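Next come the chains, spelled out residue by residue.
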Amino acid sequence: MPHPQHLKTCLRIVKQICPVVTLMCTVFVIAITIYIGEKVSPVFIFLCMQVYLNWYSVYSISCKSTPMKVKEVQSGNLYNVVIQQQQQRKYEQQSNNVVQPPAHNTAYKFWHCDRCQSYMCKPTQHCVFCRKCFHFRDHHCFFLGACVLRQNMGNFILFCFYTSLTCLYSLCVLGPYMYENISHIVKSDADYLNIFLNFCFPIALARLLHSRDSSSILLVTTFDTLMSILCICLVLGVWKLHSCLSGKQRYVNVTGRQNLREIFGSYGLSNIIFPYNGLIGTRDINGKYELKEV
C-alpha cells in the first residue's frame, strides 16, 4: 500500500504536469492540422481562439475566487469575527476539539475548514489541489489546472463544446490524409466495417506496430485520440448544460435550476462568440447571482 506522503507527492506532480501536457498536445494538434491542410483557415483560428480564451477564463476565475469568511451583522455593519474564532479555538482545546460554529445572527450557515483554519460561509468546499476553499464548487479539472465552479461553469461548458468542434475540424483534415497513407493495410474490396476496424484504436495500432510504420502509427494514434477527446468533451458539455438547466447540477450538495443568463453571465449567449464575463472574471449580474443564503 503506497505511503500517504508519496501519494500526495504524486498528485502534486500530476497537478503540475497535466496542464502543461494538455497545452503541448493542443499546440501539436494545431501544428499538424495546419501542416496537413496546407493552409490556415479562419474557422480553425476562431475555434482555437475560443478554446484558449475559455480555458484562460476558467483558470482565471478559479484563481481569483476567494471564499466568504464568517462575518456577523451588528448595528447594520459587517465585521470579521476574529476574536470569536480565537475564543472558539480555546474552547475546542478544552472540549476535545469538538467544533462548534460561532454564534451569529445572519441567515448564512457556516462550516469550519481544518486546512484553512477558518470558518467559511456555506456552501463551501476545500480543494486539496488548489489548497483553498471555493463557494459552489463542482470539481477540480486536472487538464485545465483549475477548479470548476458555478462562476466559471459557463466557460467550462463552452470549452468542452469548442474543443469538440476543434477536434472535429482536425479529424476532417486528418482523415482523408491518413486514409491515403494507410490504404495499403486496407483491402480494396473491404466494406466500411473493416475500414473502421483498421482505423480504430487499438486494432489499427496493433497492426501498425507489427508493420513498424512509425509515421502511420503517429497518424492513427492522433486520429483515435482526437476522436476520443471529441466524444468525451461533447458528452461532458451537453451533460453539464442539461444538468444546470434542469436543476440537477450539484454544487457542494446544493442544487438549483439555472437559466442561460446565470450560466453564461450577464452577456448571455454573446459569450459564445467571445467570453466577456470570463475575461472580466465574474458571473455576477447586478449582485443577484453571488453567494446566496442557504
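Right, let's walk through the structure included here. (Residues numbered from 1 in each chain as written. Predicted model: local features only at pLDDT ≥ 70, side-chain atom pairs only at ≥ 80, totals over all residues. Heavy atoms only, no water.)

With that settled, the discussion passes to the overall build of the protein chain. Across its full length, the protein chain holds 9 helices and 10 strands. Residues classed as buried in the protein chain amount to 41% of the 294 residues present. Restricting to contacts in the protein chain with at least 6 residues of sequence separation, those with at least 24 account for 58%. On the protein chain, roughly 17200 Å² of surface is accessible, and the fraction owed to carbon and sulfur atoms is 62%. (Helix = DSSP H or I, 4+ residues; strand = E, 2+ residues; numbered from the N terminus. Buried < 20%, exposed > 50% of the residue type's maximum accessible area, 1.4 Å probe, protein only. Contact = heavy atoms within 4.5 Å. Areas by Shrake-Rupley, 256 points an atom, 1.4 Å probe, with all protein chains shown as cover.)

As a further point, take the pattern of salt bridges. By the definition in use, this model includes 1 salt bridge. Close ionic contact of Lys240 with Asp138 constitutes a salt bridge, the shortest N to O distance being 2.7 Å. Of this pair, Lys240 sits in helix H7 (residues 214–246) while Asp138 sits in strand E7 (residues 137–141), and the two are 102 residues apart along the sequence. By the burial criterion, Lys240 is buried, and Asp138 matches it. (Salt bridge = Lys/Arg side-chain N within 4 Å of Asp/Glu carboxyl O.)

Once that is clear, we can look at a nonpolar patch on the surface. A contiguous nonpolar surface patch, about 940 Å² in accessible area, is contributed by Phe46, Met49, Leu245, Leu260, Tyr267, Leu269, Ile272, Ile273, Phe274, Tyr276 and Ile280. Taken together, the elements giving at least two residues each to the nonpolar patch come down to helix H2 (42–64) and helix H9 (276–280). Tracing the sequence through the fold places Ile273 in the loop between helix H8 (260–264) and H9. Residue class for Ile273 comes out exposed when judged on its relative accessible area of 57%. (Patch = residues over 30% accessible without salt bridge, like charges linked within 9 Å, V, L, I, M, F, W, Y side chains within 5 Å.)

We now examine the pairing of strand E5 (residues 124–127). Two elements, E5 and strand E6 (residues 132–135), share 4 bridges in a ladder whose sense is antiparallel. Paired with Gln125 across the bridge in E6 is Phe134. With antiparallel pairing between neighbouring strands as the criterion, E5 and E6 make up a hairpin whose turn holds 4 residues, including Arg131 at a positive phi of roughly 60 degrees. (Pairing = 2+ DSSP bridges.)

Moving on, we come to unusual backbone geometry. Although it is not a glycine, Glu38 adopts a positive phi angle of roughly 60 degrees. Here Glu38 is to be found in the loop between helix H1 (4–37) and H2. At Phe136, a position not held by glycine, the phi torsion is positive, near 50 degrees. Tracing the chain through its elements places Phe136 in the loop between E6 and E7.

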